[in-house]
Every structure is written in structure tokens, then in C-alpha cells.
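If you want the building blocks of each chain, they are given just below.
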Amino acid sequence: MLYAILCYHDEDFVGSWSKDQDEAVMKKLAVVQEKLSQQGRLGPVARLLPTTAAATLRKEDPPLVLDGPYAETKEQLLGFYIVDCKSLDDALDVARDLGAANPGGAYEVRPVGVFRPGGISA
């Protein structure tokens, strides 16, 4: 079954990391990603750009477009993984591995009900 691991963190905190700090975290995450990739369990991984680059479409009549993210929260969605796991416990183990590589924040683990891989590449 596919699971989405949604990565939440304080965007200002993560944005305050030096280039070396950010590269160190990315290097640790790459170890987990490589392990999953070698096992054939890693799907798309995305690091989202800052919320200052976001827009929200409110589904009103007429629709309303707002600058920035929809919700005002202390932690923002900064990225996500799609992983193939046997169970929720297995997906939580992956999230724990990612969490050990990336200090702070939270991971939301959610089953993916519909998956269509699409055809675009980065």
C-alpha cells in the first residue's frame, strides 16, 4: 500500500538554517531515501518552495484567489514522500527514520487511496 508522509515544520526555523546546516540535513535524509529506493519502495519526494510563493483558491462563488497558504499555523507543509509499505506500522518506521535525520517538526502519515503516477518528470 502507498503512504504519504507529509513533512511539517516551522518554515521560518528551517529557513534560518545556514547552507551547511541544510546540506547536512539533506545528506542524512538522502541516506534514508537511498535505502528506500534500493528496496523499490520510494515514490515521488518533493521539497516545497516557501509559502510566500503559494496561492490558495477558495472555492466560493465566485472563486477567490489568496496569496499564501490556506491555514495560519505554526508549522507548514514543507514537503512529502510517497512510500510503498506493508502497513501503517511499516510507514511509521520510515517516518521515524526520516525524523532521526531531520530535527524538529512532525510527520503526518496517511494512506494513499488513489494513485496515478502521471507522466511528468522534474
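Computed from a predicted model, the values in this text were never measured in an experiment. (Residues numbered from 1 in each chain as written. Predicted model: local features only at pLDDT ≥ 70, side-chain atom pairs only at ≥ 80, totals over all residues. Heavy atoms only, no water.)

Asker: Is there a simple way to explain helix H2 (residues 19-38) in this structure?
Answerer: An α-helical turn contains 3.6 residues, so a residue and the one three or four places further along point in the same direction. Along its 20 residues, H2 runs 28 Å from first to last C-alpha, staying within 8% of the 28 Å computed at 1.5 Å per residue. Looking only at H2, the buried set comprises Asp22, Val25, Leu29, Val32 and Leu36. Buried residues in H2, looked at end-on, bunch into an arc of 95°, giving them a common side. Exposed and oriented more than 90 degrees from the buried face of H2 are Lys19, Asp20, Lys27, Val31 and Gln38. As for H2, its buried residues are in contact with strand S2 (42-47), strand S5 (76-84), helix H3 (88-101) and strand S6 (106-111). Of the residues trailing H2, glycine 40 is marked for its positive phi of about 70°. (Helix = DSSP H or I, 4+ residues; strand = E, 2+ residues; numbered from the N terminus. Expected span 1.5 Å × (residues − 1). Buried < 20%, exposed > 50% of the residue type's maximum accessible area, 1.4 Å probe, protein only. Arc of directions from axis to C-beta. Contact = heavy atoms within 4.5 Å.)

Asker: Got a minute to help me understand the sheet that holds S6 in this structure?
Answerer: The strands that make up a sheet are held in pairs by hydrogen bonds between backbone atoms, and each pair lies either parallel or antiparallel. A sheet is described by the order of its strands in space; here four strands give the open sequence S2-S5-S1-S6, paired in antiparallel fashion. The open sheet has two edge strands with one neighbour each: S2 and S6. Taking each pair of neighbouring strands and ignoring which way they run, the sheet shows an average axis angle of 20°. Where H2 meets the sheet, it contacts S2, S5 and S6, and its direction lies at approximately 165° from that of S2. On the sheet, H3 packs against strand S1 (2-9), S5 and S6 and is oriented at approximately 155° with respect to S6. (Pairing = 2+ DSSP bridges. Axes fitted to C-alpha atoms, helices over the stretch in contact; angles between N-to-C directions.)

Asker: Before we go on, may I ask you to explain the layout of surface pockets in this structure?
Answerer: Empty space among the atoms can be located by rolling a probe the size of a water molecule over them. Volume-wise, the largest pocket comes out at about 510 Å³. Taken together, 26 residues line the largest pocket, and the ones lying closest to its centre are Val14, Met26, Arg47, Leu48 and Leu78. Taken together, the elements giving at least two residues each to the lining of the largest pocket come down to S1, helix H1 (11-15), H2, S2, S5 and S6. Residue classes in the lining of the largest pocket are distributed as 16 nonpolar, seven polar and three charged. (1 Å grid on protein atoms, 1.4 Å probe; cavity = no way out; pocket = protein on both sides within 12 Å on 5 of 7 lines; lining within 4 Å. Points joined across faces, edges and corners; volume = space filled by probe spheres on them. Nonpolar A, V, L, I, M, F, W, Y, C, P; charged D, E, K, R; others polar.)

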